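One letter stands for each residue in the lines below.
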Amino acid sequence: MRVIQVGIGGMGNAWLSAVQRSPQVEFAGFVEIDADIARAQAQAYSLDKSRIFDSLPTALQQVRADAVINVTPPQFHREVTVMALEAGLPVLQEKPLAGTLDEARAIAAAADDTGVLCSVAQNYRYRPLTQTLKRVLESGELGAVGAVSAEFYKGPHFGGFREEMAHPLIVDMSIHHFDMMRFFLEADAQTIQARSWNPPWSWFAGDASASAQIGFANGVQAAYTGSWCSQALETSWNANWRFECERGVLLARDDRVTVQRLLRVGAEGRGLVNEHAEPKEIALIEMEREGQDYLLQEFYEAVTQGKETATSAQDNIHTMELVFGVVRACDSGRPVSLG
Ligand SMILES: NC(=O)c1ccc[n+]([C@@H]2O[C@H](COP(=O)([O-])OP(=O)(O)OC[C@H]3O[C@@H](n4cnc5c(N)ncnc54)[C@H](O)[C@@H]3O)[C@@H](O)[C@H]2O)c1
């Protein structure tokens, strides 16, 4: 499969490497609007400079390709992805599906209208931690999930578009954790209450901290807190998680997974001294392919063999509705209902 990668700086590095590692996928060409980045990346990855173009229409005229990987900043997602879909080329594109919910809906509509695949890179689903938590939940050993909480604290100084966004944490980062919630719970969000704020020392123009209470359609309640301007004791990028279940608790702290099962409710059923099994650490599962490698292989099989991808634009629109529902709840100060 021959792909055109649009955007080869920043996160483009991860995709350049993933394609170069893949035995099935090769580059037809590249699009990059920054000539310095194009030069530097051509050198770093030994790319054929004559195949680096400054616009997608030019690339589409000059090279034959089977698909497009869109790694541009969110405000360009719609333009690039819709153009590729209308040219009949399937697209694997970075999250968020688009910079706004309307633009995301336009991409999902273009995927519907053209019947061409658009798959979104929700790579956090395809990490050993996420897959391990999912496997424990699916095993049924802890019974039904009643509530889930996730905590995320990091202090990255990215520069660039994130530091200008109105809701950098929610739209660019928490989107991964909200999408993980959908993946774990196999349900979509229905109700949202949320607040966002910007701590006094924040280097972001928009709100770098947020807290949200999300009700899912299957009755599970999720509590989320996060910050992108934490100054110490950071969590993992995957966040810390706690699942309150019918027969125990599932915990992820610093990418280590622990389960504790309830054995017996205490004397006379009053549950004052419940008996528990010893907390058990669960080894993270090993994956043949993780993150971008997993997504690229899944995309390749979808394009060449007609298989489904789990994170199509049509499915991912529900992650976008959750993300922008949280934004709406923060901006309005009022509860939001979805669907
Ligand atoms: N899934 C993840 O873990 C993850 C991590 C980081 C970034 N991302 C996503 O990747 C996307 C890109 O983010 P980034 O950090 O690489 O941004 P960036 O600004 O560092 O890099 C974007 C690159 O695209 C180029 N570009 C911009 N507009 C273009 C256009 N119209 N055509 C061609 N090239 C163009 C820029 O010159 C730059 O080289 C964003 O949607 C971001 O949310 C995802």
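So, here's what we can say about the structure. These numbers were taken from a predicted model, which means no experiment stands behind them.

### Some thoughts on the pairing of strand E10 (residues 221-227)
Part 1: Sheet topology places strand E7 (residues 145-153) next to E10; seven bridges connect them, and they run parallel. Bridging across to E10, Glu151 finds its partner in Thr225.
Part 2: Sheet analysis places strand E9 (residues 209-216) next to E10, joined by seven bridges and oriented antiparallel. Of the residues in E10, the one forming a bridge with Ser209 is Ser227.

### Focus: unusual backbone geometry
Part 1: Cis geometry marks the peptide bond from Lys95 to Pro96, where omega comes out at -15°.
Part 2: By secondary structure assignment, the location of Pro96 is in the loop between strand E5 (91-94) and helix H5 (101-114).
Part 3: The backbone of Asp254 shows a phi angle near 50°, a positive value even though the residue is not glycine.
Part 4: You can see Asp254 is positioned in the loop between strand E12 (248-253) and strand E13 (256-264).
Part 5: You will see that Asp255, though not glycine, has its phi angle at about 65°, which is positive.

### Structural notes on the nonpolar core
Part 1: In this structure, Val68, Ile107, Val148, Val323 and Val326 are the most contacted members of the largest nonpolar core, which totals 101 residues.
Part 2: Looking at which element gives the most residues to this core, the answer is helix H7 (residues 168-185), with 11 residues.
Part 3: Viewed by domain, this core spans two of them, domain 1 (2-121) and domain 2 (125-288 + 321-337), each represented by three or more residues.
Part 4: Excluding its chain neighbours within four sequence positions, the residues that come into contact with Val326 are Ile170, Ile192, Ala194 and Ala212.

Calculation rules
Residues numbered from 1 in each chain as written. Predicted model: local features only at pLDDT ≥ 70, side-chain atom pairs only at ≥ 80, totals over all residues. Pairing = 2+ DSSP bridges. Helix = DSSP H or I, 4+ residues; strand = E, 2+ residues; numbered from the N terminus. Core = buried A, V, L, I, M, F, W, Y, C linked by C-beta atoms within 7 Å. Buried ≥ 20, exposed ≤ 12 C-beta atoms within 10 Å, placed from the backbone. Domains from an automatic or database assignment. Contact = placed C-beta atoms within 7 Å.

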